[in-house]
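Given next are the chains, with one letter for each unit.
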Amino acid sequence: MNQELLHKIASPGLTKLSQHHNQDKIFRIARENARLSRDYGDDPAGAVLVKEGEVIAHSRNRVRELNDPIAVAEMGCIRQAGRRNDHKSLSLFTTRYPDMLVAGTLVQFSVGRLVIGLPESSGDVIEFLGKNNVVVEFLESTDE
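Keep in mind that what you see is a predicted model, and the values were worked out from it rather than measured. (Residues numbered from 1 in each chain as written. Predicted model: local features only at pLDDT ≥ 70, side-chain atom pairs only at ≥ 80, totals over all residues. Heavy atoms only, no water.)

## So, helix α5 (residues 100-108)
Stage number 1. Among all positions of α5, only Val102, Ala103, Thr105 and Leu106 are buried. In an axial view of α5, the angular spread of the buried residues amounts to 165°, which keeps them on one side of the axis.
Stage number 2. On its buried face, α5 is in contact with α4 (73-81), β3 (90-94), β4 (113-116) and α6 (124-131).
Stage number 3. Capping the start of α5, aspartate 99 holds a side-chain oxygen 3.3 Å from the backbone nitrogen of leucine 101, two or three residues further along.
Stage number 4. Looking one or two residues beyond α5, the residue adopting positive phi is serine 110, at roughly 55°. (Buried < 20%, exposed > 50% of the residue type's maximum accessible area, 1.4 Å probe, protein only. Helix = DSSP H or I, 4+ residues; strand = E, 2+ residues; numbered from the N terminus. Arc of directions from axis to C-beta. Contact = heavy atoms within 4.5 Å. Polar contact = N/O pair within 3.5 Å; in protein donor to acceptor, adjacent residues only side chain to side chain.)

## Considering α6
Stage number 1. Among all positions in α6, only Val125, Ile126 and Leu129 are buried. In an axial view of α6, the angular spread of the buried residues amounts to 100°, which keeps them on one side of the axis. Among the exposed residues of α6, those oriented more than 90 degrees off its buried face are Asp124 and Lys131.
Stage number 2. Where α6 is buried, its residues touch α5, β4 and β5 (135-138).
Stage number 3. Two residues or fewer past α6, asparagine 133 is found with a positive phi of approximately 65°.

## Quick word on the sheet that holds β4
Stage number 1. Read across the sheet, five strands follow the order β2-β1-β3-β4-β5 without closing on themselves; strand pairing throughout is mixed. The open sheet has two free edges, formed respectively by β2 (54-60) and β5, since each of these has just one partner strand. Neighbouring strand axes in the sheet, compared pairwise and without regard to direction, differ in orientation by 20° on average.
Stage number 2. Bridging between β3 and β4 involves four bridges; their strand directions are parallel. In the sheet register, phenylalanine 93 faces β4, and the bridge partner there is valine 115.
Stage number 3. Its contacts with the sheet place α4 against β1 (46-51), β2 and β3, and it is angled at close to 135° to β2. (Pairing = 2+ DSSP bridges. Axes fitted to C-alpha atoms, helices over the stretch in contact; angles between N-to-C directions.)

## Brief notes about the pattern of salt bridges
Stage number 1. Scanning the model with the defined rule gives ten salt bridges in all.
Stage number 2. Counted as one network, the salt bridges with shared partners bring together Lys51, Arg84 and Asp86. (Salt bridge = Lys/Arg side-chain N within 4 Å of Asp/Glu carboxyl O.)

## Let's talk about the packing of aromatic side chains
Stage number 1. Going through the model one piece at a time under the given rule, you end up with two aromatic pairs.
Stage number 2. Between the aromatic rings of phenylalanine 27 and phenylalanine 93, the centroid separation amounts to 5.5 Å while the plane-to-plane angle is 75°, which identifies the pairing as edge-to-face. Of this pair, phenylalanine 27 sits in helix α2 (residues 19-39) while phenylalanine 93 sits in strand β3, and the two are 66 residues apart along the sequence. Across the pair, exposure class does not vary: phenylalanine 27 and phenylalanine 93 are buried alike.
Stage number 3. A centroid spacing of 6.4 Å and a plane angle of 50° characterise the contact between tyrosine 97 and phenylalanine 138, whose relative ring orientation is tilted. (Phe/Tyr/Trp six-rings, centres within 6.5 Å; stacked < 30°, edge-to-face > 60°.)

Laid out in structure tokens, this is it:
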């Protein structure tokens, strides 16, 4: 999938996804962002922020590209979404396990749900999210 096609399938505010195909399509967008990260010399990670099936934002790791340690995919989505009053109704899909930077941001802005496209895991960050009312789900995606 090239960048132009990615833009067509994931233009924020334009992509309304049915519940049935929602997660596969969202993770396809996230994985394409991860591939773009790798192509630009960053660690491959992508994220998509969704509300009720609508893509609000999508982003990729840009840490090395921008020489910015906070320019991870998930933070890019939060930045693109801008100031909102509906964070609790948002779901963030990511291709990597979150670090404390991402976890703290999700808690700070009361993002309601995090879906990680990897096998289930536990740890301090996952525990922190759960204790702070962020629903954490794991979805080992098979759509390559």
